[in-house]
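# What the coordinates show
Listed below, chain by chain, are the residues.
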Amino acid sequence: WPEVDFVGVFGHNLDAGIAPQIRSSTDNFSAVDVLESTMSVQKPAFYKKLSASITSQYVRFIVQTVNVLGPPKIGELFGSQYLDPQRDISAVSGEFKIVRNRRQITSDYQTFILSDDPDTSLILPLASLSLTNYKEIRDEIVERSRGSASPIVVVPEDVDDPDLVVMGRLGEGQEYRRLPFAIRETSLIVIGLPYATVVS
């Protein structure tokens, strides 16, 4: 992407009181060092939608204060451009589901948890109310992520879970059900990726 207006952190050991900074520069921070925004830490993931796009060549994520839990560790740092779909595609035709899962291996004698934090998956039922809306789902979400090949980050507008942000991959195949008047129903299934786990 030529610009960045969205930053996400997935899996980390940062204290809740820390306010990480997003900074930009045109000269690799030798003379120009612009504070773009600060972030509020949430567990196990958090994000920031910037008020304006960063067009500078260099972007930096900084933790400036001492982290009580030790040296800062981040599983995945994500920067990209935010896509806010047209409102006509947000008509829901089914139940919005959040699935939280702790991946583990279980034997006859022991259970090994594979991640410090549970990963989160989403089932997002959508109804596109026009051909334009359908093409936006198909081209800008499903095809741009190349199906399940590239990860996708989704921030649902959920008043009950306002800090929800999910990094995952789309489920295999995308099914569309065509209804009269150019309406199409589908479900965007995002299978959450596991967070990084520190092994000592």
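Worth saying up front: this structure is predicted, and the values here are computed from it rather than measured.

Procedures and definitions
Residues numbered from 1 in each chain as written. Predicted model: local features only at pLDDT ≥ 70, side-chain atom pairs only at ≥ 80, totals over all residues. Heavy atoms only, no water. 1 Å grid on protein atoms, 1.4 Å probe; cavity = no way out; pocket = protein on both sides within 12 Å on 5 of 7 lines; lining within 4 Å. Points joined across faces, edges and corners; volume = space filled by probe spheres on them. Nonpolar A, V, L, I, M, F, W, Y, C, P; charged D, E, K, R; others polar. Core = buried A, V, L, I, M, F, W, Y, C linked by side-chain atoms within 4.5 Å. Buried < 20%, exposed > 50% of the residue type's maximum accessible area, 1.4 Å probe, protein only. Contact = heavy atoms within 4.5 Å. Salt bridge = Lys/Arg side-chain N within 4 Å of Asp/Glu carboxyl O.

A few words now on the layout of surface pockets. A water-sized probe rolled over the atoms picks out the places where empty space is left. In this structure, the second largest pocket encloses a volume near 170 Å³. Around the second largest pocket sit 12 residues that line it, and Gln174, Glu175, Glu185, Thr186 and Ser187 are the ones nearest its centre. Of the residues in the lining of the second largest pocket, the class split is two nonpolar, six polar and four charged.

In terms of nonpolar packing, the biggest core is built from 13 residues, with Leu122, Ile152, Val154, Leu170, Leu188 and Val190 touching the most fellow members. If sequence neighbours within four positions are ignored, valine 190 has contacts with Ser121, Leu122, Ile152, Val154, Val166, Gly168, Arg169 and Leu170.

Considering all chains together, one arrives at five salt bridges under this definition. Here aspartate 139 ties to arginine 138 by a salt bridge, and the two come within 2.8 Å at their closest N and O atoms. Overall, aspartate 139 belongs to the partly exposed group, its relative accessible area being 30%. Take arginine 138: its relative accessible area is 28%, and that puts it in the partly exposed class. Close ionic contact of glutamate 185 with arginine 177 constitutes a salt bridge, the shortest N to O distance being 2.9 Å. On the basis of relative accessibility, which here comes to 21%, the residue glutamate 185 falls in the partly exposed class.

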